[in-house]
Amino acid sequence: MEKSLESLKRDFSRIRTGRATPALLDGVMVDYYGSPAPINQVANISVPDARMIFVQPWEKSMLQAIEKAIQTSDLGLNPQNDGNKISLPIPPLSEERRKDLYKNCKKIAEECKVAVRNVRRDGNEKLKKSEKNKEITQDEEKKGLEEIQKLTDKYIKNIDDLLANKEKEIMEI
């Protein structure tokens, strides 16, 4: 359940909200001398203000490869290369785009909830099998099932809270 929650946080950090953050570039892979490498391993990423990201490569020869990787990513950003660094202006989001992003967030959150429920189902099945094999008593099984349900409810609430926070962030102008 914890892994599902961490995965959700990672996925949400990659969704553009109109505010610049280095996490936007986490999924971008750069061709580093023939092998793919995450952009943060070949360049320094900085955020001077809420609408701009600077990417400063450690090797000047990597400027073209980084620029190409950002253009081919699905971020919808237009890199501007000045010969030393790449500037990424973050355009404001339209109302329609904000709604699409929120729908995507809801879908990701629902997938996370399904994963948490699958963990609950697996735990319940193990408890029932243990009781059937006389490894635990019926009271222990019932207590275990209640404990698993409490954990599930807690994680579902955490997922809902994360979704609500992300909605605020996306809809904020």
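Please refer to the structure higher up on the page.
On a predicted model such as this, the values are computed, not experimentally measured, just so you know. (Residues numbered from 1 in each chain as written. Predicted model: local features only at pLDDT ≥ 70, side-chain atom pairs only at ≥ 80, totals over all residues. Heavy atoms only, no water.)

In this structure, what is going on with the pattern of salt bridges? I would like to understand it.
Opposite charge on two side chains allows them to pair when their charged atoms are near. Under the criterion given, the structure shown has eight salt bridges. One salt bridge in this structure joins K85 and D82, with 3.4 Å as the shortest N-O distance. K85 gets classed as partly exposed once you look at its relative accessible area, which sits at 24%. Its relative accessible area of 45% is what places D82 among the partly exposed residues. K113 is the partner of D160 in a salt bridge, and the nearest nitrogen-oxygen pair spans 2.6 Å. Here D160, found in helix α4 (residues 138–171), pairs with K113, found in helix α3 (residues 95–132); they are 47 residues apart in sequence, far enough to count as distant. K113 sits in the buried class, given a relative accessible area of 13%. Where salt bridges share partners, they join R121, D122 and E125 into one cluster. (Salt bridge = Lys/Arg side-chain N within 4 Å of Asp/Glu carboxyl O. Buried < 20%, exposed > 50% of the residue type's maximum accessible area, 1.4 Å probe, protein only. Helix = DSSP H or I, 4+ residues; strand = E, 2+ residues; numbered from the N terminus.)

How do you make sense of the packing of helix α1 (residues 2–13) against α3 when you look at a structure like this?
Helix-helix packing: each pair is described by the crossing angle between the helix axes and the interaxial distance. Where α1 meets α3, the axes come as close as 9 Å, and the angle between the chain directions of the two elements is 170 degrees. Accordingly, the angle class assigned to the pair α1 and α3 is roughly antiparallel. Together, S4, L5, L8, D11 and F12 of α1 and C105, I108, A109, C112, A115 and V116 of α3 make up the contact between the two elements. (Axes fitted to C-alpha atoms, helices over the stretch in contact; angles between N-to-C directions. Parallel < 35°, antiparallel > 145°, perpendicular 65-115°, else oblique. Contact = heavy atoms within 4.5 Å.)

I keep staring at the packing of α3 against α4 and nothing clicks. Help me out?
Contact geometry of α3 with α4 gives a least axis separation of 10 Å together with a crossing angle of 170 degrees. Between α3 and α4, the interaxial angle falls into the category roughly antiparallel. Of the residues belonging to the contact of α3 with α4, the class tally is 15 nonpolar, six polar and 13 charged. (Nonpolar A, V, L, I, M, F, W, Y, C, P; charged D, E, K, R; others polar.)

Any chance you could explain the environment of T137 here in plain terms?
By the secondary structure assignment, T137 is in the loop between α3 and α4. Spatially, the C-alpha atoms of T137 and P57 are 62 Å apart, while their sequence positions differ by 80 residues.

Got a minute to help me understand the packing of aromatic side chains in this structure?
A ring pair, where both rings are aromatic, is described by two values, the distance of the centres and the angle of the planes. Scanning all chains against the criterion turns up one aromatic pair. Aromatic pair Y32 and Y33: ring centres 4.9 Å apart, planes at 70 degrees, arrangement edge-to-face. With relative accessibility at 58%, the residue Y33 sits in the exposed group. Taking the ring centre of F54 as reference, the NZ or CZ of K85 above it sits at 5.0 Å. (Phe/Tyr/Trp six-rings, centres within 6.5 Å; stacked < 30°, edge-to-face > 60°. Lys NZ or Arg CZ within 6 Å of the ring centre and 35° of its normal.)

By themselves, these observations are geometric and do not establish any function.
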